[in-house]
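# Understanding the architecture of this molecule
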Amino acid sequence: MTELKERKLILNDEEIKFESLSDEQKALFENIENHNVEERSALVQADKHRRLKESYANDLQKTFVKEKEDEETTEEGDS
């Protein structure tokens, strides 16, 4: 776990040490931190899904190119 004494909050350009916060403020600060972690995780997952979709789209496009090439090869063979 992170050392509480090392945590700081910047509020209106004023640095506030975590240990000087009230219990309610500490709980709210920790909620913000937890959501920041969840948000970063969600962004990483979204990026992973975006890259997978791009990969699938590229693979799909390649199948159409291959079909067209196969058609052209067949037509040339028929001539």
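Everything discussed here concerns the structure shown above.
Calculation notes
- Residues numbered from 1 in each chain as written.
- Predicted model: local features only at pLDDT ≥ 70, side-chain atom pairs only at ≥ 80, totals over all residues.
- Heavy atoms only, no water.
- Pairing = 2+ DSSP bridges.
- Helix = DSSP H or I, 4+ residues; strand = E, 2+ residues; numbered from the N terminus.
- Salt bridge = Lys/Arg side-chain N within 4 Å of Asp/Glu carboxyl O.
- Buried < 20%, exposed > 50% of the residue type's maximum accessible area, 1.4 Å probe, protein only.
- Phe/Tyr/Trp six-rings, centres within 6.5 Å; stacked < 30°, edge-to-face > 60°.
- Patch = residues over 30% accessible without salt bridge, like charges linked within 9 Å, V, L, I, M, F, W, Y side chains within 5 Å.
- Areas by Shrake-Rupley, 256 points an atom, 1.4 Å probe, with all protein chains shown as cover.
- Lys, Arg positive; Asp, Glu negative; His and termini not counted.
- Charge placed at Lys NZ, Arg CZ, Asp CG, Glu CD.

## As for the pairing of strand 1 (residues 8–11)
Sheet topology note: the strand 1/strand 2 (residues 14–17) ladder contains four bridges and is antiparallel. Counted as the bridge partner of isoleucine 10 is glutamate 15 from strand 2. In sequence, strand 1 turns back onto strand 2 through a hairpin of two residues, with asparagine 12 there showing a positive phi of about 50 degrees.

## Concerning the pattern of salt bridges
Across all of its chains, the model carries four salt bridges by this definition. Across the pair arginine 50 and aspartate 47 runs a salt bridge, and its minimum N-O distance is 2.4 Å. Here arginine 50 and its partner aspartate 47 are both found in helix 1 (residues 23–78), three residues apart, which amounts to about one turn of the helix. On the basis of relative accessible area, arginine 50 is assigned to the partly exposed category, the value being 38%. On the basis of relative accessible area, aspartate 47 is assigned to the partly exposed category, the value being 28%. One salt bridge connects arginine 51 with aspartate 47, and the closest N-O pair in it is separated by 3.0 Å.

## Points about the packing of aromatic side chains
Inspection of every chain in the model, using the stated rule, returns one aromatic pair. Ring centres 5.3 Å apart and planes at 55 degrees place the aromatic pair phenylalanine 18 and phenylalanine 29 in the tilted group. Taken together, the residues phenylalanine 18 in the loop between strand 2 and helix 1 and phenylalanine 29 in helix 1 connect sequence positions 11 residues apart. Judged by its relative accessible area of 2%, phenylalanine 18 falls in the buried class. Given the relative accessible area of 11%, phenylalanine 29 is considered buried.

## Some remarks on a negative patch on the surface
Taken together, the side chains of Glu67, Glu69, Glu71, Glu72, Glu75, Glu76 and Asp78 present a region of like negative charge at the surface. The topology assignment puts glutamate 76 in helix 1.

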